[in-house]
Amino acid sequence: GAVVSQHPSWVICKSGTSVKIECRSLDFQATTMFWYRQFPKQSLMLMATSNEGSKATYEQGVEKDKFLINHASLTLSTLTVTSAHPEDSSFYICSAIARDRVYEQYFGPGTRLTVT
Amino acid sequence: KQEVTQIPAALSVPEGENLVLNCSFTDSAIYNLQWFRQDPGKGLTSLLLIQSSQREQTSGRLNASLDKSSGRSTLYIAASQPGDSATYLCAVASGSARQLTFGSGTQLTVLP
């Protein structure tokens, strides 16, 4: 149990376009979802926290107009990178906290974004 | 603001050795601490989770300890194998949303 999926697993897009990444909790309801970014050879950095039905809370330095997060249901959160630039190329990972197991985060497999 | 530090940044050992990875954090008000493994280009694999009220957790050849008051955790790997080669990340859950703060990781190489 406690499986989190991400789609797509990798994506290449042209500079200036937008790309949407989906994060789904497959077998549990997620009250809270998190989005992380990981640059090569670096650790994960929290970008934002989202709760179902409310606006996401962004970490300092993360542009909320560039990284749009929608948590429309208890099993789905989406991250849209708008007007992507090559410096947005990174590994994006989501995680989720189950409604009945708040002590642990379950991680998705990640999405590799390359902006050309 | 929570800060997590991992030492060493890289470690290379011959197969069969026992080894210890270190993690320290600045704010002891944590919910739990997790150790993860990450293979190159891949996502995270959760290894061990220690609740703030616990002192240690064991899984197979892995043992993790937590000293919350001193802000330290160690991951002990017994009888290391080449398949253990990966980056090991320590993360602590704190704050109102239980968000995780990650260390920079220890890159482990186990030589055959």
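In short, a report on the structure. (Residues numbered from 1 in each chain as written. Chains lettered and ligands numbered in written order. Predicted model: local features only at pLDDT ≥ 70, side-chain atom pairs only at ≥ 80, totals over all residues. Heavy atoms only, no water.)

**With respect to the interface of chain A and chain B**
Listed as interface residues are 17 residues of chain A and, on the opposing side, 19 residues of chain B. Around 1,400 Å² of area is buried between chain A and chain B when both sides are counted, 56% of it from carbon and sulfur atoms. Here chain A is connected to chain B by three residue pairs in polar contact (both at pLDDT 80 or more). Among the secondary structure elements, those contributing two or more residues to the side of chain A that touches chain B are β4 (30-38), β5 (44-51), β9 (90-98) and β10 (101-107) of chain A. Examining the composition of the side of chain A that touches chain B, we find that five residues originate from one element, β10 of chain A, more than from any other. Broken down by class, the residue content of the side of chain A that touches chain B amounts to eleven nonpolar, four polar and two charged. (Contact = heavy atoms within 4.5 Å. Buried area = accessible area lost by both parts, 1.4 Å probe. Polar contact = N/O pair within 3.5 Å; in protein donor to acceptor, adjacent residues only side chain to side chain. Helix = DSSP H or I, 4+ residues; strand = E, 2+ residues; numbered from the N terminus. Nonpolar A, V, L, I, M, F, W, Y, C, P; charged D, E, K, R; others polar.)

**Digging into the environment of G95 of chain B**
Secondary-structure assignment places G95 of chain B in the loop between β9 (86-94) and β10 (99-102). Distance in space between the C-alpha atoms of G95 of chain B and K42 of chain B is 27 Å, their sequence separation being 53 residues.

**Thoughts on the nonpolar core**
Core analysis: the biggest nonpolar cluster contains 28 residues, and F28, W35, F67 and L113 of chain A have the highest contact counts within it. Here this core takes four residues from β9 of chain A, the largest share from any one element. Of all hydrophobic cores here, the second largest spans 22 residues; its members include F25, I30, W35 and L108 of chain B. (Core = buried A, V, L, I, M, F, W, Y, C linked by side-chain atoms within 4.5 Å. Buried < 20%, exposed > 50% of the residue type's maximum accessible area, 1.4 Å probe, protein only.)

**Some words on the sheet that holds strand β3 (residues 19-25) of chain A**
Residue and element names in this part refer to chain A. Taken in spatial order, the four strands line up as β1-β3-β8-β7 in an open sheet, and their pairing is antiparallel. Taken across any chain shown, the strands that pair with only one partner, and hence form the sheet edges, are β1 (4-7) and β7 (67-73). Averaged over neighbouring strand pairs, the angle between their axes works out to 15° when direction is ignored. (Pairing = 2+ DSSP bridges. Axes fitted to C-alpha atoms, helices over the stretch in contact; angles between N-to-C directions.)

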